[in-house]
Amino acid sequence: MERLIDPDAFRDVLGRFASGITVVAALEDGEPVGFACQSFASLSLDPPLVMLAAGRTSVSWPRIERAGRFCVNILAAEQRDICARLGRSGPDKFTAVPWRVSEHGTVRIDGALAAVECELRAVHEAGDHYLATAEVVALDAREDGSPLLYFRSRYAVGAF
């Protein structure tokens, strides 16, 4: 089948959809593992499900998948540096990132706008990504703050 959509045009047009930025994080052998993720959404109220997309080339995702339990940390506007640190590949990504282990055994980023703790339910191959669904087991949110957003391949801040 002939490709009708130019990848650069696809990225440019869909980049006009502002999205929040999260850090998906888990514990593996007592050490934090995670990645920055903008492809995250609620899926179902009953049962409470969320979905996220992880790149097939991600080194972190297979480790999180093996853990089976993770936290989606919704980043606040002032956490741009945390996003940049966890958005790259390499060892020691959590150095200088304030985090703690939650009562459910996931990794919570201090200062995040919200935390959604999840148990993995299913993973599907979807093009160059994996699409994961997970059941929410705990929630927490700050009363103040603004979200860190991603718009047109750049960080943005929303004021609401």
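Given the structure is predicted, the values throughout are model-derived calculations rather than measurements.

### Looking at the overall build of the protein chain
So, step 1. Broken down by element type, the protein chain carries three helices and twelve strands.
So, step 2. Computed over its C-alpha atoms, the radius of gyration of the protein chain comes to 16 Å, within 12% of the 15 Å expected for a compact globule of 160 residues.
So, step 3. Here the protein chain, with 160 residues, has 37% of them falling under the buried criterion.
So, step 4. If you take every contact in the protein chain between residues at least 6 apart in sequence, the share linking residues at least 24 apart comes to 62%.
So, step 5. Element-wise, carbon and sulfur atoms account for 53% of the exposed surface of the protein chain, whose accessible area totals about 9,400 Å².
So, step 6. Averaged over its 17 positive side-chain charges, the protein chain has a centre that lies 5 Å from the centre of its 22 negative ones.

### Section: the sheet that holds strand β2 (residues 22-28)
So, step 1. Strand order in the open sheet formed by seven strands is β3-β2-β6-β9-β10-β5-β4, with antiparallel pairing between adjacent strands. Of all strands in the sheet, those bounded by a partner on one side alone are β3 (31-37) and β4 (40-44). When the angles between neighbouring strand axes are averaged without regard to direction, this sheet yields 35°.
So, step 2. Relative to strand β9 (residues 114-126), strand β6 (residues 69-74) runs antiparallel, the two sharing six bridges. Looking at the pairing, Asn-73 lines up with Ala-115 of β9.
So, step 3. Lying over the sheet, helix α2 (residues 60-67) contacts β2, β3, β5 (49-55), β6, β9 and β10 (129-141), oriented at roughly 120° with respect to β3.

### Observations regarding the state of the cysteines
Among covalent bonds in proteins, the disulfide is the one between the sulfur atoms of two cysteines.
So, step 1. Tallied over the full model, the rule gives zero disulfides.
So, step 2. Not engaged in a disulfide, the cysteine Cys-83 finds its nearest cysteine sulfur in Cys-37; these two sulfurs lie 10 Å apart.
So, step 3. Judged by its relative accessible area of 7%, Cys-83 is buried.
So, step 4. Looking at Cys-118, it has no disulfide partner, and the nearest cysteine sulfur is the one in Cys-71, 7.2 Å off.

### Side note on the side chain of Thr-106
So, step 1. Its place among the elements puts Thr-106 in the loop between β7 (99-101) and β8 (107-109).
So, step 2. Judged by its relative accessible area of 0%, Thr-106 is buried.
So, step 3. Polar side-chain contacts of Thr-106 include one of 2.6 Å to the side chain of Glu-117.
So, step 4. Residue contacts for Thr-106: discarding those within four places in its chain leaves Ala-25, Arg-69, Phe-70, Cys-71, Arg-100, Val-101 and Glu-117.

### Focus on the pairing of β9
Strand residues, when the strand is regular, have side chains that alternate between the two faces of the sheet.
So, step 1. One ladder, built from twelve bridges, connects β9 with β10; its direction is antiparallel. Within β10, the residue paired with Leu-120 across the bridge is Ala-134.
So, step 2. What sits between β9 and β10 in their antiparallel hairpin is a turn of two residues, with Gly-127 showing a positive phi close to 60°.

### Let's talk about the environment of Phe-35
So, step 1. With respect to the helices and strands, Phe-35 occurs in strand β3.
So, step 2. Once the C-alpha coordinates of Phe-35 and Ile-64 are considered, the two residues, 29 residues apart in sequence, prove to be 9.5 Å apart.

### Comments concerning α2
So, step 1. Residues of α2 that are buried include every one of Ser-60, Trp-61 and Ile-64, and no others. In an axial view of α2, the angular spread of the buried residues amounts to 95°, which keeps them on one side of the axis.

The rules behind these values
Residues numbered from 1 in each chain as written. Predicted model: local features only at pLDDT ≥ 70, side-chain atom pairs only at ≥ 80, totals over all residues. Heavy atoms only, no water. Helix = DSSP H or I, 4+ residues; strand = E, 2+ residues; numbered from the N terminus. Rg over C-alpha atoms; globule rule 2.2 N^0.38 Å. Buried < 20%, exposed > 50% of the residue type's maximum accessible area, 1.4 Å probe, protein only. Contact = heavy atoms within 4.5 Å. Areas by Shrake-Rupley, 256 points an atom, 1.4 Å probe, with all protein chains shown as cover. Lys, Arg positive; Asp, Glu negative; His and termini not counted. Charge placed at Lys NZ, Arg CZ, Asp CG, Glu CD. Pairing = 2+ DSSP bridges. Axes fitted to C-alpha atoms, helices over the stretch in contact; angles between N-to-C directions. Disulfide = S-S within 2.5 Å. Polar contact = N/O pair within 3.5 Å; in protein donor to acceptor, adjacent residues only side chain to side chain. Arc of directions from axis to C-beta.

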